[in-house]
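Architecture at a glance
Residues per chain, in single letters:
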Amino acid sequence: MASGITPKLALRSARGVEVWKPDQQQKQLDFIPDTSFNPDQSKSCRAIVYSPDGRFLAWANGATVQLCRVADNVKVIASLPRPKACYLQFSPRGTYLMTWEVYTENPKDAVREKPNLFVFRADTGEELFSVIQKRHHEWQMHWSSDESLSALLVGGEVLFYDHADPSVNGFARAVKRLGGLRNGGVSVAPGSSPPHIAVYIPGTKGAPSMCRLFKYPNLEMSQPIASKSFFQADKVEMMWNRKGTGLILMTSTDVDQSGESYYGKQALHYMTPKGDSCAIQLKAEGPIHDVAWNPKSTEFCVVYGFMPARATLFNLKCDAVYDFEPGNRNSVYYNGFGNLIVFGGFGNLSGYIETWDLNRRKQLSSFKAPDTTQLEWSPTGDKFLTATTAPRLRMANGFKVWHYSGALLTEYSWTGELLEVIWQKLDPSAIKETAISDEKVAGIVSATPQASKQKYVPPGARNNIVITGSGQKIDLRPPIPGLPPGYRSSVQIKQAKKNKKKAAAAAPDLTATEDGNAGEVAAEKPQKQKKQGKKQGTANGTVDAANGNVANAKTTAEDAPSGDNNNADDETAVAGGKQKKPITGDPEKDKRIRTIYRKLKEIKQLKEQVAGGKQLTNTQTVKLNSEADLAQQLEALKMP
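Position labels on residues start from 1 in each chain and follow its written sequence. Given that this is a predicted model, residues contribute local features only at a pLDDT of at least 70 and side-chain atom pairs are listed and counted only at 80 or more, while totals for whole chains, interfaces and linings are drawn from all residues. Where side-chain values are given, they derive from all heavy atoms of the structure, hydrogens and water being excluded.

**Remarks on the overall build of the chain**
A run of DSSP states H or I qualifies as a helix once it reaches four residues; a run of E qualifies as a strand once it reaches two. Both are numbered from the N-terminal end. A tally of helices and strands in the chain yields seven helices and 40 strands. Using a 1.4 Å probe on the protein chains alone, a residue whose accessible area is under 20% of its type maximum counts as buried, one over 50% counts as exposed, and one in between counts as partly exposed. Of all 640 residues assigned to the chain, the portion counted as buried reaches 45%. For the chain, the proportion of contacts with a sequence separation of at least 24, taken over those separated by at least 6, is 45%. Values of accessible area rely on a 1.4 Å probe in the Shrake-Rupley scheme; residue burial ignores everything except the protein chains shown. Only carbon and sulfur atoms are counted for the fraction: they give 50% of the accessible area of the chain, which is about 34,000 Å². The contact criterion used throughout is that any non-hydrogen atoms of two residues lie within 4.5 Å.

Written out as structure tokens, the structure is:
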């Protein structure tokens, strides 16, 4: 590999928590269980997380929160008594661990309201702070990059805690408060300290929603350093770049009043600590699928629009600097160095993946990773993993590791349910930026079976669809109650028309006579042709019915072929009585042709009965399936 380093993997599944390390004995990338880690075999593990610097690993196993120090030998620091914890998060430098559990009240307890958000010191497991946090969305504390300041939104008020002095418990009291943010939000900018603070204030009674920027500790609501107001915003997501010099606001509504989208309406806005603010203009209508900042903080990428979706790079002035080709994508991921980007098409898409070299604006690979529910770049920046996990998908769980060139490095199929796979974080000073090359890395061939191309048949239609020898499908199900017999949807009618055109192009010419001169026969008795065409139907009408167009099959005199060979019962008047008209000139052939016509007529009547809801016997079904063979016999007999 380019970096020469491969981090470990932590896996959370229905059989517990495991840590795997790369196998140094293999030439190809391979992972084996780390013997220095004692697997947790609890079947109810709810969360797992590495600290940002990779020093600590924590997981919630349904009984306790296990806090470990990651070194040559994994050592358990503490077992925190939080059995209901379902969310875990470390502070930016890994000094503190936060746990959150669903808030509940028990009227029988002496103390009805109990804290559900806890903060522990990571290197000792000591509990430092607890509070009631009823918010499920954005439950966590927000930290400055150097951990000198933390902010927590509780009950519409932001509480600020000072941690500049490590020897003093900064959670003892709040040094600042900022109110008036019920149902709002707060975000602390990364970068230098003191940090900038962004707050979101929802609009009420026709007033617009607002986002305001402050420079801590100046938090006067009437004197922000930047402000942006907008209507149609039920929710706002605030995204800072890594340096804290730019803030993207993605606003969304629960309902789109224009009716253009079922999922509501979205918009993007941009703010800077310098006081600038603007709306980000996109070049296509449609939903905003994903937004991501480049870790270099010089640009950001937006994936938007109806499929095939567009992807555009914007600079810090919100000018579009590059447009990627439209594709089947709905997510975007930067590697840790910002020189590679991955576009993914997951969820209702088929797992499309593209990797791009951002410095050269060049696509490096394009492939598929079907059923992907999770994608994460390795801290080394030269490979990433894709995983199929529960509860999103409970079948064929497992994970794969890919090189940015598109080579599959390794894959593992999981027995049972795999819930999560994460890379161990690394100290940024221990790794260098990956040099991008066009060289293809040798990989392995995936053992995952390809998706079946067979068309899906609903359970109610199984064993009720008859397929003839020509590949034609006949639905033997009775009509839907409340709908008239022979009812067909617009899609079925459209498909029947296509089948009719195909059948008309491939059907045998039943109007040709022995010498091929059909025009003379057709011109001999035009009036008789017209009457017979209206009364008896045409061979083309039979083909139309064979293609499923039973309810709407109508024949016209213009579509009818020559009457000389149209029906087995055709007769001509001669002296002394009626005589069958010759078709080919060979009495034996003519007899067999008339027999086939009679059988085709009976098949047509059976189809009309099926359209009317009648259940066919086995003998009738066999007769219905013989239509294609009869047509082939008829074509052979008509040949001179």
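**Some remarks on the packing of aromatic side chains**
A pair of aromatic rings is counted whenever rings of Phe, Tyr or Trp (Trp by its six-membered ring) have centres within 6.5 Å, and the orientation is called stacked for planes under 30 degrees apart, edge-to-face for over 60 and tilted otherwise. What the rule picks out here adds up to 28 aromatic pairs. A ring pair is formed by Phe56 and Phe90, whose centres lie 6.3 Å apart and whose planes are at 15°; its orientation type is stacked. Of this pair, Phe56 sits in strand β5 (residues 56-60) while Phe90 sits in strand β8 (residues 87-90); the two residues are 34 residues apart in sequence, bridging distant segments of the chain. The pair Phe56 / Phe90 is uniform in exposure class, with both members buried. Arranged with centres 6.1 Å apart and planes meeting at 25°, the rings of Tyr87 and Trp139 form a pair that is stacked. Taken as a pair, Tyr87 in strand β8 and Trp139 in the loop between β11 (127-131) and β12 (142-143) lie far apart in primary sequence, 52 residues in all. Residue classification places Tyr87 among the partly exposed positions, given a relative accessible area of 33%.

**Notes on the sheet that holds strand β27 (residues 320-327)**
Strand order in this open sheet of four strands is β24-β25-β26-β27, and the pairing throughout is antiparallel. Across the chains shown, the open sheet's two edge strands, defined by having one partner strand only, are β24 (288-293) and β27. This sheet shows a mean twist of 15° between the axes of neighbouring strands, independent of strand direction. With five bridges joining them, strand β26 (residues 309-315) and β27 adopt antiparallel strand pairing. By the bridge assignment, Phe314 is partnered in β27 with Ala320. Here, a strand pair is defined by DSSP locating no fewer than two bridges between the strands. Axis definition: a line fitted to C-alpha atoms, over the contacting stretch in the case of helices. Angles run 0 to 180 degrees between N-to-C directions.

**A closer look at the packing of helix α5 (residues 587-611) against helix α7 (residues 627-638)**
With their axes 10 Å apart at the nearest point, α5 and α7 run at an angle of 155° to one another. The angle between α5 and α7 falls in the class roughly antiparallel. Crossing handedness for the pair α5 and α7: left-handed. Residue-level inspection shows Lys589, Arg592, Ile593, Ile596, Tyr597, Lys599, Leu600, Ile603 and Lys607 of α5 in contact with α7, the latter providing Glu627, Leu630, Gln633, Leu634, Leu637 and Lys638. Residues belonging to the contact of α5 with α7 are distributed by class as follows: eight nonpolar, one polar and six charged. With respect to orientation, any angle under 35 degrees is reported as roughly parallel, any angle over 145 as roughly antiparallel, any angle of 65 to 115 as roughly perpendicular, and every other angle as oblique. Handedness of a crossing is defined here by the sense of rotation of the near helix relative to the far one, left-handed for an anticlockwise turn of less than a right angle and right-handed for a clockwise turn. When residues are sorted by character, Ala, Val, Leu, Ile, Met, Phe, Trp, Tyr, Cys and Pro go into the nonpolar class, Asp, Glu, Lys and Arg into the charged class, and all the rest, Gly among them, into the polar class.

**Here we look at the sheet that holds strand β18 (residues 209-215)**
With antiparallel pairing, four strands are arranged side by side in an open sheet as β16-β17-β18-β19. Unpaired on one side and paired on the other, β16 (185-188) and β19 (226-230) mark the two borders of the sheet. Pairwise comparison of adjacent strand axes, ignoring direction, gives a mean angle of 15° for this sheet. Where β16 lies against strand β17 (residues 196-201), four bridges are found, and the strand directions are antiparallel. Paired with Val186 across the strands is Val199, a residue of β17.

**Notes on the environment of Ser378**
Looking at the secondary structure, you find Ser378 in the loop between β32 (374-377) and β33 (383-388). Owing to a relative accessible area of 2%, Ser378 belongs among the buried residues under this scheme. In this structure Ser378 touches Pro7, Lys383, Phe384 and Trp423, once residues within four positions along its chain are discounted.

**Some details on the confidence of the model for the chain**
pLDDT runs from 0 to 100 and stands for how confident the predictor is about each residue. When pLDDT is averaged along the chain, the result is 81; 80% of the residues meet or exceed 70. In the predicted structure, residues 510-578 sits below a pLDDT of 50 and forms 104 contacts with residues beyond four places in sequence or in another chain.

**Some points on the pairing of strand β30 (residues 352-357)**
With five of six residues buried, β30 is to be regarded as a mostly interior element. Relative to β30, strand β29 (residues 340-345) runs antiparallel, the two sharing six bridges. Residue pairing across strands places Phe343 opposite Glu354, the latter belonging to β30. Pairing of β30 with strand β31 (residues 362-368), which is carried by six bridges, proceeds in the antiparallel orientation. Its bridge partner lying in β31, Trp356 is registered against Gln363. Between the end of β30 and the start of β31, which pair antiparallel, lie four residues, with Arg361 showing a positive phi angle near 55°.

**Observations regarding the packing of α5 against helix α6 (residues 618-625)**
Where α5 meets α6, the axes come as close as 10 Å, and the angle between the chain directions of the two elements is 120°. In terms of axis orientation, α5 runs oblique to α6. α6 is crossed by α5, and the crossing has left-handed handedness. Residue-level inspection shows Glu602, Ile603, Leu606, Lys607 and Gln609 of α5 in contact with α6, the latter providing Gln620, Lys623 and Leu624. Tallied by class, the residues present in the contact of α5 with α6 amount to three nonpolar, two polar and three charged.

**Notes on the pattern of salt bridges**
Counted as salt bridges are all cases of a side-chain nitrogen of Lys or Arg within 4 Å of a carboxyl oxygen of Asp or Glu. The full count for this structure, using the stated rule, is 19 salt bridges. Linking Glu18 and Arg15 is a salt bridge whose minimum nitrogen-to-oxygen distance equals 2.8 Å. The exposure class assigned to Glu18 is buried, which follows from its relative accessible area of 14%. Arg15 gets classed as partly exposed once you look at its relative accessible area, which sits at 41%. Across the pair Glu376 and Lys425 runs a salt bridge, and its minimum N-O distance is 3.7 Å. Linking Glu376 in strand β32 with Lys425 in the loop between β36 (418-423) and β37 (465-467), this pair joins segments that are 49 residues apart in sequence. For Glu376, a relative accessible area of 18% corresponds to the buried category. Using a relative accessible area of 27% as the deciding quantity, one classes Lys425 as partly exposed. By sharing partners, the salt bridges in this structure join Asp357, Arg360, Lys362 and Asp438 into a single network.

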